[in-house]
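One letter stands for each residue in the lines below.
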Amino acid sequence: MSFHETTVEALTVNPFTLINKGWMLITAGTEQKHNTMTASWGSVGELWGKYVSTIYIRPQRYTLEFVEKQDFYSLCFFDEEYRDALKLCGSKSGRNCDKDAETGLTPAFDQAAPYYQEAKLVFICRKLYKQDMQESCFLDRRILDQNYPGHDLHRVFIGEIVKVLEKD
């Protein structure tokens, strides 16, 4: 199967289950050096007259360095058969291993961002905004206490979805 380019409007997937139940890989970098991480927190929608994704990356994640350096990142969504690969990408650091080699996933390189050939759906996103979460902004302290016992609040990125690739 190969990818074809489509539009956000043509998608028929449920974004809630796509992200929180199916998970996704956030990937950035170059053909020479890139990294990916698994995420189950994120969103897609419309903001500033653009279709956007919002991703959240903790400060200790190696992928953050790549997202920071590049103008683009990809979000890759997979069928259930790739669950073990996604688990590995969420539990090991690319500082200490070659995630591509260990998972068997095949990187592909768009002009803007790397993505994976095994994905069923890919969003290529151009960064528009970033901000660090702040403890003082939590209106419900239980969320802060339950999710950030180490006070390692996420950096938030909003990116315009500039390309959608879907498997035939």
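Reading the values: rules and limits
- Residues numbered from 1 in each chain as written.
- Predicted model: local features only at pLDDT ≥ 70, side-chain atom pairs only at ≥ 80, totals over all residues.
- Heavy atoms only, no water.
- Helix = DSSP H or I, 4+ residues; strand = E, 2+ residues; numbered from the N terminus.
- Rg over C-alpha atoms; globule rule 2.2 N^0.38 Å.
- Buried < 20%, exposed > 50% of the residue type's maximum accessible area, 1.4 Å probe, protein only.
- Areas by Shrake-Rupley, 256 points an atom, 1.4 Å probe, with all protein chains shown as cover.
- Lys, Arg positive; Asp, Glu negative; His and termini not counted.
- Charge placed at Lys NZ, Arg CZ, Asp CG, Glu CD.
- 1 Å grid on protein atoms, 1.4 Å probe; cavity = no way out; pocket = protein on both sides within 12 Å on 5 of 7 lines; lining within 4 Å.
- Points joined across faces, edges and corners; volume = space filled by probe spheres on them.
- Nonpolar A, V, L, I, M, F, W, Y, C, P; charged D, E, K, R; others polar.
- Phe/Tyr/Trp six-rings, centres within 6.5 Å; stacked < 30°, edge-to-face > 60°.
- Lys NZ or Arg CZ within 6 Å of the ring centre and 35° of its normal.
- Salt bridge = Lys/Arg side-chain N within 4 Å of Asp/Glu carboxyl O.
- Contact = heavy atoms within 4.5 Å.
- Disulfide = S-S within 2.5 Å.

Draft legend 1. Broad picture of the overall build of the protein. For the protein, the count of helices and strands is 5 helices and 10 strands. Against the 2.2 N^0.38 benchmark of 15 Å for 168 residues, the protein shows a C-alpha radius of gyration of 15 Å, consistent with a compact globule. Overall, the protein is about 45 × 40 × 30 Å in size when its C-alpha atoms are taken along their principal axes. Relative to its full complement of 168 residues, the protein shows a buried share of 45%. Counting every atom, the protein has about 9,100 Å² of accessible surface; 49% of that belongs to carbon and sulfur. Across the protein, 20 positive and 24 negative side-chain charges occur, with their mean positions spaced 5 Å apart.

Draft legend 2. Here's a closer look at the layout of surface pockets. The space that makes up the largest pocket amounts to roughly 150 Å³. Put simply, the parts of the chain that give the lining of the largest pocket at least two residues each are α1 (15-20), β4 (42-47) and β5 (50-57). By residue class, the composition of the lining of the largest pocket is 10 nonpolar, 2 polar and no charged.

Draft legend 3. Structural detail: the packing of aromatic side chains. Inspection of the entire model under this criterion finds 6 aromatic pairs. The interplanar angle of 55 degrees and the centroid separation of 5.7 Å between the aromatic rings of F78 and Y82 together place this pair among those described as tilted. A residue is classified by how much of its surface remains accessible, and F78, at 5% relative accessible area, is buried. Residue Y82 is classed as partly exposed on the basis of its relative accessible area, which comes to 22%. Directly above the aromatic system of W23 lies the positively charged group of R83, at a separation of 4.1 Å from the ring centroid. In this structure, K167 is placed above the aromatic ring of F3, and the distance from its NZ or CZ to the ring centre is 4.9 Å.

Draft legend 4. Focus on the pattern of salt bridges. For the structure shown, the criterion picks out 11 salt bridges. Put simply, D152 and R58 hold a salt bridge, and the shortest N to O gap is 2.8 Å. On the criterion of sequence distance, the pair formed by D152 in the loop between α5 (141-147) and β10 (155-167) and R58 in the loop between β5 and α2 (62-69) is long-range, its members being 94 residues apart. With a shortest N-O distance of 2.3 Å, R155 and E68 are connected by a salt bridge.

Draft legend 5. Just helix α3 (residues 83-91), in detail. Along α3, the residues that are buried comprise R83, A85, L86, L88 and C89. Looking at the buried residues of α3, the elements they touch are β2 (24-29), β3 (34-39) and α4 (99-103).

Draft legend 6. Representation of unusual backbone geometry. With a phi close to 55 degrees, W48 is a non-glycine residue in the positive phi region. Tracing the sequence through the fold places W48 in the loop between β4 and β5. Residue classification places W48 among the exposed residues on the basis of a relative accessible area of 51%. Notably, H151 is not glycine yet its phi reads approximately 60 degrees, a positive angle.

Draft legend 7. Spatial organisation of the environment of H4. Mapping H4 onto the fold places it in strand β1 (residues 3-6). Each C-alpha atom, one on H4 and one on L121, is 9.7 Å from the other, the two residues being 117 residues apart in sequence. Those residues in contact with H4 that sit more than four places away from it in its chain are V164, L165, E166, K167 and D168.

Draft legend 8. Quick peek at the state of the cysteines. Under the counting rule described, the total for this entry stands at 0 disulfides. Of all cysteine sulfurs in the structure, the one in C76 sits closest to C125, which takes part in no disulfide; the separation is 9.8 Å. By relative accessible area, C125 is classed as buried at 0%.

These values are about where atoms sit, not about what they do.
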